[in-house]
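# Reading the structure
Residues per chain are reported as follows:
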Amino acid sequence: MRITALAGGVGGARFLRGLLHHARQTAAAAEGRGAADHLELTVIGNTGDDITLFGLRVCPDIDTLLYTLGGGIHEGQGWGRADETHHLAEELAALGAEPQWFTLGDKDFATHVYRSQLLGQGMPLSAVVERLSARWGLGELGVRLLPMTDTPVETHVVVDDGGDQRAIHFQEWWVRHRAALPAERFVVAGLDRATPAPGVLDAIREADLVVLPPSNPVVSIGIILGVPGVRDALRGTRAPVVGVSPLVGGRPVRGHADVCLRTIGVEESSAGVAGLYSDFLDGWLVDEDDAMPDRRGLEVVRRPLLMSSVEAAADMAGATVDLGMRLRAARATA
Ligand SMILES: C[C@H](OP(=O)(O)O)C(=O)O
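Residues numbered from 1 in each chain as written. Predicted model: local features only at pLDDT ≥ 70, side-chain atom pairs only at ≥ 80, totals over all residues. Heavy atoms only, no water.

For the chain, the helix and strand inventory stands at 12 helices and 14 strands. In terms of C-alpha radius of gyration, the chain reaches 19 Å, essentially the compact-globule figure of 20 Å for 334 residues. Its C-alpha atoms put the chain at 65 × 45 × 35 Å along the principal axes. A total of about 14600 Å² of accessible surface is found on the chain, and carbon and sulfur atoms cover 50% of it. (Helix = DSSP H or I, 4+ residues; strand = E, 2+ residues; numbered from the N terminus. Rg over C-alpha atoms; globule rule 2.2 N^0.38 Å. Areas by Shrake-Rupley, 256 points an atom, 1.4 Å probe, with all protein chains shown as cover.)

Our focus in this paragraph is the site of the ligand. In the vicinity of the ligand, the contacting residues are Gly8, Gly9, Val10, Gly11, Gly12, Trp174, Pro214, Ser215, Asn216, Ser220, Arg254 and Gly255. The separation between an oxygen atom of the ligand and a polar side-chain atom of Ser215 is 2.6 Å. One nitrogen or oxygen atom from the side chain of Arg254 is found 2.8 Å from an oxygen atom belonging to the ligand. Within the complex, the protein chains bury 93% of what would otherwise be the 300 Å² of accessible surface of the ligand. (Near = heavy atom within 4 Å. Polar contact = N/O pair within 3.5 Å; in protein donor to acceptor, adjacent residues only side chain to side chain.)

Our next topic: the sheet that holds strand 7 (residues 164–169). Pairing within the open sheet is antiparallel, and its 3 strands lie in the order 7-6-8. Two strands bound the open sheet, and with one partner strand each, they are strand 7 and strand 8 (183–189). Strand after strand, the sheet turns through a mean of 25° between neighbouring axes, direction not considered. Pairing geometry for strand 6 (residues 154–161) and strand 8, over 6 bridges, is antiparallel. Residue pairing in the sheet places Thr155 in a bridge with Val188 of strand 8. (Pairing = 2+ DSSP bridges. Axes fitted to C-alpha atoms, helices over the stretch in contact; angles between N-to-C directions.)

Our focus in this paragraph is helix 4 (residues 106–120). Taking 1.5 Å of rise per residue, 15 residues should cover 21 Å, and helix 4 covers 21 Å from first to last C-alpha, within 8% of that figure. Taken as a whole, helix 4 has its buried residues at Asp106, Asp108, Phe109, Thr111, His112, Arg115, Ser116 and Leu118. Elements in contact with the buried residues of helix 4: strand 4 (56–58), helix 2 (60–70), helix 3 (87–95) and helix 5 (125–135). Once helix 4 ends, the next one or two residues include Gly122, with phi positive near 100°. (Expected span 1.5 Å × (residues − 1). Buried < 20%, exposed > 50% of the residue type's maximum accessible area, 1.4 Å probe, protein only. Contact = heavy atoms within 4.5 Å.)

Attention now goes to the nonpolar core. Ranked by size, the top nonpolar core spans 50 residues in total, and within it Trp173, Val230, Leu234, Tyr277 and Trp284 carry the most contacts. With residues near it in sequence (within four places) discarded, Val230 still touches Val200, Leu201, Ile204, Ile224 and Leu225. Formed by 41 residues, the second largest nonpolar core is a distinct cluster that contains Ala23, Leu39, Leu145 and Val244. (Core = buried A, V, L, I, M, F, W, Y, C linked by side-chain atoms within 4.5 Å.)

Here the focus is the sheet that holds strand 14 (residues 299–303). One open sheet holds the 7 strands; their spatial order is 5-2-1-9-10-13-14, and the pairing between them is parallel. Lying at the two open borders of the sheet, with one neighbouring strand each, are strand 5 (143–147) and strand 14. Taken over all neighbouring pairs, the strand axes of this sheet differ in orientation by 20° on average, direction set aside.

What follows is about the environment of Asp282. Along the chain, Asp282 falls in the loop between helix 11 (270–276) and strand 13 (283–287). Once the C-alpha coordinates of Asp282 and Ala94 are considered, the two residues, 188 residues apart in sequence, prove to be 53 Å apart. Ignoring anything within four residues of it in the chain, the contact list for Asp282 reads Ala239, Pro240, Val241, Gly297, Leu298, Glu299, Leu327 and Arg331. There is a polar contact of 2.8 Å between the side chain of Asp282 and the backbone nitrogen of Val241. Polar side-chain contacts of Asp282 include one of 3.0 Å to the side chain of Arg331.

Relative orientation of the contacting elements helix 1 (residues 10–32) and helix 12 (residues 310–333) amounts to 75°, with a least axis distance of 7 Å. Classified by the angle between their axes, helix 1 and helix 12 sit roughly perpendicular to one another. Facing helix 1, whose interface residues are Arg14, Phe15, Arg17, Gly18, Leu19, His21 and His22, helix 12 presents Val310, Glu311, Ala313, Ala314, Met316, Ala317, Gly318, Thr320 and Val321. Of the residues belonging to the contact of helix 1 with helix 12, the class tally is 8 nonpolar, 5 polar and 3 charged. (Parallel < 35°, antiparallel > 145°, perpendicular 65-115°, else oblique. Nonpolar A, V, L, I, M, F, W, Y, C, P; charged D, E, K, R; others polar.)

This is the structure in structure tokens:
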């Protein structure tokens, strides 16, 4: 089965790790019956979070996907490497190098050095991500990771700083200010002239199922949807598109999706998020206790949506796939 997912960082990566876990369990059971259908997963990652720090190109969402799916993530943080040291950052701080609000560990630094070296030699980001994916064994897992675009794109936030409006990089708003600085709007530099990275549109058009994990609907999935051509491909694909709400009781499980939704004037609810995807969404998973008014053409399934463990994420992913397969079967007989 070919599944294509649009993903941000921590939320997306944890969900997709659950999807791989679910697929392994299903394949093992099916093999016993001689009916294995292996998962081919294409992940389209958000690059709007990307930032240049200390002269190095850092791709936080792509790296979180690599480390989580590849088994090298710092579980407690959800980002960065497990068993990290911080000698380089300490030395930079001693030198007075800025910024000091973005934590980079030594092993993580190696990723950014290598990526920057390859980009500096003229390699497109998608080819760099392919190299990094090989390092993390993603191919052996049946996973192809694509950046949404090779065009440099950066999300900025126009903030109100004591009556003064100014634009700061998304990471400065998110990491340094923890999204507490009042935001007026998001501006995504480079997005209007971005082209989808090789394979992105075909992965959406040729999938059996397209999945939207519970990533931030504004600054993760919303940015991918802004790459010219992506939204049209989602509207045009024959695959059902099934999403998972990132909100439980109107509150994000992690991150600041509520603040981001408020900033763009959308209700902080599962229904509000579904409205952002209404032109292509076929199925929607919401938390058991969440209100979700009926919407024509949208099949809603209720599940506990807390990814408290790999097993819990696998259960959510399994429900997502089941809903997608049900929608596919219904289309085939329609
Ligand atoms: C919910 C969000 O998920 P992401 O957009 O990083 O996948 C987060 O972890 O902050």
